[in-house]
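Take a look at the letters that make up each chain.
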Amino acid sequence: MTQPKQTLSFQAEVQQILHLVTHSLYSNKEIFLRELISNASDACDKLRFEALHEAKLLEDAPDLKVQLLVDEAARTLTIRDNGIGMSGDEAVAHLGTIAKSGTREFMSRLEGDQKKDASLIGQFGVGFYSGFIVADRITVESRRAGLSPEEGVRWSSDGTGQFDVEPITRATRGTDVILHLREGEEDFLQPWKLRSIVSRYSDHISLPILMRKQVWDGDKGEQRDTDEWETVNKAAALWTRSKADITDAEYQEFYKQLTYDTEPPLAYTHNRVEGRSEYTQLLYIPAKAPFDLWNRDKRGGVKLYVKRVFIMDDAEALMPVYLRFVKGVIDSADLPLNVSRELLQESRDVKAIREGSTKRVLTMLEDLAENQKDRYAQFWEDFGAVLKEGIGEDNANRERLAKLLRFASTHADAGVSFADYAGRMKEGQEAIYYITADTLAAAKSSPQLEIFRKKGIEVLLLTDRVDEWMLSHLYEFDGKPLQSVAKGAVDLGALQDEGEKQQADQAAKAIKPVIERLKTALKDRAKDVRVTGRLVESPACLVVEEGDMSAHLARLLKQAGQQAPASQPILEVNAEHPLVKRLESDPRFDDLAHLLFDQAWLAEGGQLEDPAAHVRRVTRLLLEPVSG
Ligand code: ADP
Ligand code: MG
């Protein structure tokens, strides 16, 4: 930056954010200090990281720290760090625009009438602007590590529409954020107040946060600053401390700062692992799914440290994709400090960490499922569908995962495990029955369920998009095969009594000629037509052959724009249904045959390929004179 002072405008989004942040977060104003300390700490992490490759960046000041300075006369509070600093261009870019995606989401959430989420501002990367809650002007003076003293920058703004930048000479590397406090915010000039905020929010920051040591001035009868500095936070990364010394509240506060989640975590696990590979893990399960959970490209939520040095956020190699909702920290003693994302993918140490961490998370979930059923149900509601991806992805843990699955069934709307199901299986029942559908309502009213209902046999109702995929990797539980009630012929085997079998056989025989005519009428639509024992109330339903793709999956693929193999369904008819019985002598046979098929198709949740033809047929039928 060579020009003298420049006045620039904030990006439009920043202006909106500024307005929102200062107005809606006022009741929680002290969080500004947490945000600014967190930025200072990030800046030190970045410097430490860059210095791994370029040691001279540390100059003669290798001890990284944050200082809080109060100037009562000037009514300023300064947050100073000797981290990476900013060049002039960086100050303009980072403090005048918002690069992060999700800003719109943030704004709509702040604007909405939900409770004003103070934590949101960190989550969306707009923490710096929270300074304007308590300051009517912020001045930032900075110099990037590696630049000369003449290449410093001063940035200043009153937080309305514009900011000024100008070059300055600055002897030291790093950043001063100087808050000119608003009228009425004198509290934040009080050392005790600042200390209490620091200990609430920033104890776990591993960097020392320093304030002037105070002594009692007997003459004046008040505390007075000295020239000495003292550390006012614990300055030990939480996970490095011994479990016995950490309170539940500390774990929770750390979680909040790590994730900006407003709700406490459902569970956490903290372990030091020794042996072939040595690392510490502190992992949390959130209570609520983030808005972008469904994005499988989203990187995980685990931060990687190596020997206490922050290496990277979202180290996706440390967790399998299906556990991408897990948040936390892993601190390795073995990895090289200059490890890159690419190297992580290949490292054997990382593989060991991933396997170990996966097991820990599963243990944590098993414990919830066993001992805190309500919490597990809450977990399942938000994350169950993601966990299901693990059935296909993680062969080694498939059985453990299968035990963690929960379903809706004809018995209960949620929370049914395979073990629950197995415990309710009927005498002579060999398979675990399920049906897949788009919605629970559609699943419940599937005609394929009728005979199972009548006989009181439970059927699992699977309605997550991932279910079909999961089922292509899961064939049995505890030796009992999983069997779709909409695939293949129903063979209730020992569950059907002799009388029923005979009656069904007779009805089937009687209707044979009709079946043949149906086959001809529907030859372009149905692979086969046959009599079924699975229906009680409905005249007909569609099923697919054992090895074929279910209609539900074919629909999902189509929606996703993929090619689904064009296999035709089988029409099964209920030989005892009056409509079917009447077919034989009905002159409208052809129309009725197609309507039977259309109805079965619609009942499945399918969309008719030729709705107009369907409408024409129905209209023709409706126009028939009403017979007495
Ligand atoms: P976030 O921290 O999530 O990126 P902020 O609004 O808190 O969002 O900060 C915006 C950006 O400003 C940071 O990403 C960083 O590049 C820069 N910044 C803020 N404070 C400092 C600092 N003390 N030292 C260096 N850069 C900083
Ligand atoms: Mg920040």
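Residues numbered from 1 in each chain as written. Chains lettered and ligands numbered in written order. Predicted model: local features only at pLDDT ≥ 70, side-chain atom pairs only at ≥ 80, totals over all residues. Heavy atoms only, no water.

Draft legend 1. Spotlight on the domain arrangement of the chain. In terms of domains, the chain is made up of domain 1 (6-231), domain 2 (238-379), domain 3 (399-494) and domain 4 (496-623). If you look at the interface, domain 3 gives 21 residues, while domain 4 gives 29 residues. Carbon and sulfur atoms make up 46% of the area that domain 3 and domain 4 hide from each other, which totals about 2200 Å². Seen at the junction of domain 3 and domain 4, the total is zero salt bridges. With three residues, the single largest contributor to the side of domain 3 that touches domain 4 is helix H14 (residues 450-454). Of the residues contributing to the side of domain 3 that touches domain 4, the split by class is nine nonpolar, five polar and seven charged. (Domains from an automatic or database assignment. Contact = heavy atoms within 4.5 Å. Buried area = accessible area lost by both parts, 1.4 Å probe. Salt bridge = Lys/Arg side-chain N within 4 Å of Asp/Glu carboxyl O. Helix = DSSP H or I, 4+ residues; strand = E, 2+ residues; numbered from the N terminus. Nonpolar A, V, L, I, M, F, W, Y, C, P; charged D, E, K, R; others polar.)

Draft legend 2. Region of the structure containing the nonpolar core. By size, the foremost hydrophobic cluster in this structure holds 72 residues, and its most contacted members are Phe-379, Leu-387 and Phe-418. For this core, the element with the highest residue contribution is helix H9 (residues 348-371), accounting for eight residues. Structurally, this core is a two-domain feature, drawing no fewer than three residues from each of domain 2 (238-379) and domain 3 (399-494). In this view, Leu-387 contacts Tyr-322, Leu-323, Phe-325, Leu-365, Tyr-376, Phe-379, Trp-380, Leu-401 and Leu-404; residues no more than four positions away in its chain are not counted. Counting 55 residues, the second largest nonpolar core, distinct from the first, contains Val-21, Leu-68, Leu-179 and Leu-181. (Core = buried A, V, L, I, M, F, W, Y, C linked by side-chain atoms within 4.5 Å. Buried < 20%, exposed > 50% of the residue type's maximum accessible area, 1.4 Å probe, protein only.)

Draft legend 3. Examining the side chain of His-614 more closely. Inspection of the secondary structure puts His-614 in helix H21 (residues 611-623). Since its relative accessible area comes to 15%, His-614 is described here as buried. Setting aside residues up to four positions removed in sequence, His-614 forms contacts with Leu-595, Asp-598, Leu-602 and Leu-608.

Draft legend 4. Seen up close, the sheet that holds strand E18 (residues 476-477). The sheet built from five strands is open, its strands ordered E15-E17-E16-E19-E18 with mixed pairing. Among the strands making up the open sheet, the edge pair consists of strand E15 (408-409) and E18. As judged from the three bridges shared by strand E16 (residues 432-436) and strand E17 (residues 460-462), these two strands associate in the parallel manner. Considered in E17, the bridge of Tyr-434 is made with Leu-460. (Pairing = 2+ DSSP bridges.)

Draft legend 5. Region of the structure containing the pairing of strand E3 (residues 76-81). Counting buried residues in E3 gives five out of six residues, a clear majority hidden from the surface. In this structure, strand E2 (residues 66-71) lies alongside E3, joined through six bridges in antiparallel fashion. Within E3, the position partnered with Val-70 by the bridge is Leu-77. The antiparallel pairing of E2 with E3 creates a hairpin that spans four residues between the two strands, and Arg-75 there sits at a positive phi of about 55 degrees. Where E3 and strand E7 (residues 174-181) come together, six bridges link them in antiparallel fashion. From the neighbouring strand, Leu-77 faces E7, where its bridge partner is Leu-179.

Draft legend 6. Highlighting the layout of surface pockets. Considered as a void within the structure, the second largest pocket measures approximately 1000 Å³ in volume. Forming the boundary of the second largest pocket are 42 residues, of which Ala-551, Lys-558, Pro-569, Trp-601 and Glu-609 lie nearest the centre. Listed by contribution, the elements that provide at least two residues to the lining of the second largest pocket are E16, helix H13 (440-444), strand E21 (540-543), helix H18 (551-559), helix H20 (589-603) and H21. For the lining of the second largest pocket, the element with the most residues is H18, which contributes six residues. Among the residues making up the lining of the second largest pocket, the classes are represented as 20 nonpolar, 13 polar and nine charged. If you count residues domain by domain, the lining of the second largest pocket takes at least three from each of domain 3 (399-494) and domain 4 (496-623). (1 Å grid on protein atoms, 1.4 Å probe; cavity = no way out; pocket = protein on both sides within 12 Å on 5 of 7 lines; lining within 4 Å. Points joined across faces, edges and corners; volume = space filled by probe spheres on them.)

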